[in-house]
Amino acid sequence: MAASMVDRREGKIAKHTKESVGHKRKSDDDFYTNNKSATTSDEDDNSVIVAAFRSYQQELDRKHDKHERLVKLSRDVTIQSKRLIFLLHRISSDNTRETILVEADTKMNEISVNLKNIAIELEGEDPYQFLRAYTNGLQEYIEAISFYEYLLNKHILTLEAAQLKLKFKVNNLTEAELDKESSGLLPEPNKSEEIQLHLPPLEYVLGLADLTGELMRCCINSIGHEDMDKPFELLTFMRNLYEGFSLCSRSASRDLRQKMDTMRQSLVKVENTCYTLQVRGSEIPKHMLLDAIKVEPQTA
């Protein structure tokens, strides 16, 4: 009996001692962990590697934000360029020509505002790094202004002329000087520079390749307006254009290969239209020619 009580007492003492030692060890571990976290945080703030990766994060965020802004601007340019093309297709006679061309000039100025913002975003940057962000808008713009150039002067838009349209003036006045200018104190500000939106030759060629689609639509529309000479004029121009594109290597770009196939299809449609006008034009009344052309089978 006495022996069991002694054993029980010794067991309680051992258990209490074990719990005390475990509690102390846990307290020491917590203290070590807290001190280690504080030390690690201080080391992270002063670490060269952490500072470098933070700068990488800021650089990537800046590029991603710039890319998104360029995509939005390119989308606006695409929409405005399509509206310009739709407007130019409304030219049905010499009476409406001048009015529509003046309205087209206004729309081109609106497009230039967004193109100028793209040029500002790309100032000091590698344009090819962000090219995919704004290539669609650039190609659509080249298509629109080349169509405008053909309707105005009956010739192709050159690369040099397209590059001149992508040169903009930027005012470098400070905020204080801008306030003075708005109040009339700086009548002739001279702090301005020209910036150029880079136009890669391939983007120019791709945009120009889309022109044949608009010329094909213009050919069909001219028949509806009973202008029977314009389809033959457009056919000659499109043949010369396609002949020039045939000199380009199709392996240079997959997009160019696809656009040349589409260009060939547009040319075939115009050729068939001219064939119908030439061979069957005397058989079919003028007001029925458009319907006859639409049902005519298109062969490549």
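Q: Sorry, what's going on with the packing of aromatic side chains here?
A: The description of two aromatic rings rests on the distance between their centres and on the angle between their planes. The final tally for this structure, using the stated rule, is 2 aromatic pairs. Here F53 and Y56 contribute two aromatic rings whose centre-to-centre distance is 5.4 Å and whose plane-to-plane angle is 70°, an arrangement assigned as edge-to-face. With F53 and Y56 both in helix α2 (residues 48-88), this residue pair falls 3 residues apart, about one helical turn. Between the aromatic rings of Y150 and F237, the centroid separation amounts to 4.6 Å while the plane-to-plane angle is 45°, which identifies the pairing as tilted. Of this pair, Y150 sits in helix α4 (residues 131-153) while F237 is found in helix α9 (residues 230-246), placing the two residues 87 residues apart along the sequence. In terms of burial, Y150 and F237 fall into one category: buried. Between K154 and the ring centre of Y150, over which it is positioned, the NZ or CZ distance is 5.8 Å.

Q: For this particular structure, what's the right way to read the packing of α2 against α4?
A: Any two packed helices are characterised by the angle at which their axes cross and by the distance between the axes. Two elements in contact, α2 and α4, have axes whose closest approach is 7 Å; the angle formed by their N-to-C orientations is 25°. Here α4 runs roughly parallel to α2, going by the angle between their axes. Considering how the two elements wind past one another, α2 and α4 form a crossing that is left-handed. Together, H67, L70, V71, S74, V77, T78, S81, K82, L84, I85 and L88 of α2 and A133, Y134, N136, G137, E140, Y141, E143, A144, F147, Y148 and L151 of α4 make up the contact between the two elements. Across the contact of α2 with α4, the residue classes tally to 13 nonpolar, 6 polar and 3 charged.

Q: I would appreciate a short explanation of the nonpolar core in the present structure.
A: Membership of the largest hydrophobic core comes to 62 residues, with the highest contact counts inside it found for L115, I118 and L197. If one sorts the elements of this core by residue count, α4 sits on top with 12 residues. Beyond its immediate stretch of four places on either side in the chain, I118 contacts L70, L73, S74, V77, Y134 and L197.

Q: Looking at this structure, how should I read the layout of surface pockets?
A: Over the atoms rolls a probe the size of a water molecule, and its path tells where empty space is left. The space that makes up the largest pocket amounts to roughly 310 Å³. Lining of the largest pocket is provided by 16 residues; of these, I91, S92, S93, D227 and K230 occupy positions nearest its centre. Listed by contribution, the elements that provide at least two residues to the lining of the largest pocket are α3 (94-121), α4 and α8 (211-224). When residues of the lining of the largest pocket are assigned to their parent elements, the largest contribution, 3 residues, is made by α8. Of the residues assigned to the lining of the largest pocket, the class counts are 5 nonpolar, 6 polar and 5 charged.

Q: Sorry, what's going on with unusual backbone geometry here?
A: The bulk of non-glycine residues show a negative phi, and the bulk of peptide bonds are trans. The backbone of K154 shows a phi angle near 60°, a positive value even though the residue is not glycine. On the secondary structure map, K154 appears in the loop between α4 and α5 (159-165). With relative accessibility at 40%, the residue K154 sits in the partly exposed group.

Q: Even after reading the chapter, I still don't get α4, so can you show me in this structure?
A: For an α-helix the count is 3.6 residues per turn, leaving residues at separations of three or four pointing the same way. With 23 residues, α4 should reach 33 Å at 1.5 Å per residue; the first-to-last C-alpha distance of 30 Å fits that figure. For α4, the tally of buried residues reaches 19 of 23 residues, placing the bulk of the element in the interior.

Q: Any chance you could explain the packing of α2 against α3 here in plain terms?
A: At their nearest, the axes of α2 and α3 sit 10 Å apart, and the two run at 170° to each other. Relative to α3, the element α2 is oriented roughly antiparallel. Residues belonging to the contact of α2 with α3 are distributed by class as follows: 13 nonpolar, 5 polar and 7 charged.

Q: Could you clarify how one ought to interpret the side chain of S81 in this entry?
A: Examined against the element boundaries, S81 turns out to sit in helix α2. Non-local contacts of S81, meaning those with residues more than four positions away in its chain, are made with I111, E140, Y141 and A144.

Q: What is the right way to look at a nonpolar patch on the surface in this model?
A: Residues I49, F53 and Y56 make up a contiguous nonpolar surface patch of roughly 370 Å² in combined accessible area. By secondary structure assignment, the location of I49 is in helix α2. Owing to a relative accessible area of 58%, I49 belongs among the exposed residues under this scheme.

Q: What is the right way to look at α3 in this model?
A: Between its terminal C-alpha atoms α3 stretches 41 Å, which fits the 40 Å expected from 28 residues at 1.5 Å a residue. Along α3, the residues that are buried comprise R97, I100, L101, A104, M108, I111, S112, N114, L115, I118, A119 and E121. Those residues of α3 that are buried are in contact with α2, α4, α5, β1 (167-171) and β2 (192-196).

Scoring rules and cut-offs
Residues numbered from 1 in each chain as written. Predicted model: local features only at pLDDT ≥ 70, side-chain atom pairs only at ≥ 80, totals over all residues. Heavy atoms only, no water. Phe/Tyr/Trp six-rings, centres within 6.5 Å; stacked < 30°, edge-to-face > 60°. Helix = DSSP H or I, 4+ residues; strand = E, 2+ residues; numbered from the N terminus. Buried < 20%, exposed > 50% of the residue type's maximum accessible area, 1.4 Å probe, protein only. Lys NZ or Arg CZ within 6 Å of the ring centre and 35° of its normal. Axes fitted to C-alpha atoms, helices over the stretch in contact; angles between N-to-C directions. Parallel < 35°, antiparallel > 145°, perpendicular 65-115°, else oblique. Left-handed = near helix turned anticlockwise from the far one by under 90°. Contact = heavy atoms within 4.5 Å. Nonpolar A, V, L, I, M, F, W, Y, C, P; charged D, E, K, R; others polar. Core = buried A, V, L, I, M, F, W, Y, C linked by side-chain atoms within 4.5 Å. 1 Å grid on protein atoms, 1.4 Å probe; cavity = no way out; pocket = protein on both sides within 12 Å on 5 of 7 lines; lining within 4 Å. Points joined across faces, edges and corners; volume = space filled by probe spheres on them. Expected span 1.5 Å × (residues − 1). Patch = residues over 30% accessible without salt bridge, like charges linked within 9 Å, V, L, I, M, F, W, Y side chains within 5 Å. Areas by Shrake-Rupley, 256 points an atom, 1.4 Å probe, with all protein chains shown as cover. Salt bridge = Lys/Arg side-chain N within 4 Å of Asp/Glu carboxyl O.

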